[in-house]
Amino acid sequence: MNDKTIRNILIVVTVVVVALIALGFISTLLTNIVPILIAAVVGFLLGRASVNTNLFDLARSMRVQKPAPTTVTVEKTAAKPAVKVVETPAQPEQTPAERLADGADELKEMTVKSGEEIEAEARLREQEIAKRASSPDAVQAALEERRKRLLGDKGEGG
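Residues numbered from 1 in each chain as written. Predicted model: local features only at pLDDT ≥ 70, side-chain atom pairs only at ≥ 80, totals over all residues. Heavy atoms only, no water.

Asks: How do you make sense of the overall build of the chain when you look at a structure like this?
Replies: Each helix and strand in the chain was counted, giving 5 helices and 2 strands. Its helices and strands in sequence order give the chain the pattern α-α-β-β-α-α-α, from N to C terminus. Across the 158 residues of the chain, 1% fall into the buried class. Carbon together with sulfur atoms contributes 63% to the accessible area of the chain, which is approximately 15,000 Å² in total. (Helix = DSSP H or I, 4+ residues; strand = E, 2+ residues; numbered from the N terminus. Buried < 20%, exposed > 50% of the residue type's maximum accessible area, 1.4 Å probe, protein only. Areas by Shrake-Rupley, 256 points an atom, 1.4 Å probe, with all protein chains shown as cover.)

Written as structure tokens, this is what we have:
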């Protein structure tokens, strides 16, 4: 072979290798980078469009909305007279300010116990528990109850 043939073969091989590398790069762009860029552009546009929208209020208003009351009419049959059922609209929900006001009224009605009253109640409860725990029947009953709870029906044999 002469020098021109070898040179032509090397040029063709080089062109094929460069073309394969370019196709690999284009394939990477199309499969990985372009979808990410599309998602980024859509996210940016949606973010800019919703700048003045409070999504929590939007979700809350969608949740609070109720369908309009419907009227159902049942057709007359030979044995039964016609029945007309009309749903009455439900009470409108309270606004947060009204709920807060109701909660404040409930708080005013509550009594606050002093530390001595709380300690006295705690002592009474401790005495009751100690009294129940000291009787042998209560201890045996508690053990049996725990055995049933832990072993289920398998603990019948003892």
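Asks: Please clarify how the pattern of salt bridges should be interpreted in this entry.
Replies: A side chain of one charge can pair with a side chain of the opposite charge when the charged atoms of the two come close. One pass over the full model with this rule turns up 4 salt bridges. Close ionic contact of lysine 113 with glutamate 121 constitutes a salt bridge, the shortest N to O distance being 2.7 Å. Close ionic contact of arginine 147 with glutamate 144 constitutes a salt bridge, the shortest N to O distance being 2.6 Å. Of the two residues, arginine 147 and glutamate 144 both sit in helix H5 (residues 136-151), 3 residues apart, roughly one turn of that helix. Residue glutamate 144 is classed as partly exposed on the basis of its relative accessible area, which comes to 31%. (Salt bridge = Lys/Arg side-chain N within 4 Å of Asp/Glu carboxyl O.)

Asks: Just to check I follow, could you spell out a nonpolar patch on the surface for this structure?
Replies: Side chains of Val12, Val16, Leu20, Leu23, Phe25, Ile26, Leu30, Val34, Ile38, Val42 and Leu46 sit close together on the surface and give an oily, nonpolar patch of about 1,100 Å² of accessible area. By secondary structure assignment, the location of valine 16 is in helix H1 (residues 3-49). Since its relative accessible area comes to 43%, valine 16 is described here as partly exposed. (Patch = residues over 30% accessible without salt bridge, like charges linked within 9 Å, V, L, I, M, F, W, Y side chains within 5 Å.)

Asks: Would you explain H5 in this entry?
Replies: Given 3.6 residues per helical turn, the α-helix brings residues three or four places apart onto the same face. An ideal rise of 1.5 Å per residue puts 22 Å on 16 residues; H5 measures up with 22 Å between its terminal C-alpha atoms. Glycine 152 sits one or two residues past H5 and shows a positive phi near 70°. (Expected span 1.5 Å × (residues − 1).)

Geometric descriptors of this kind do not, in isolation, establish any biological role.
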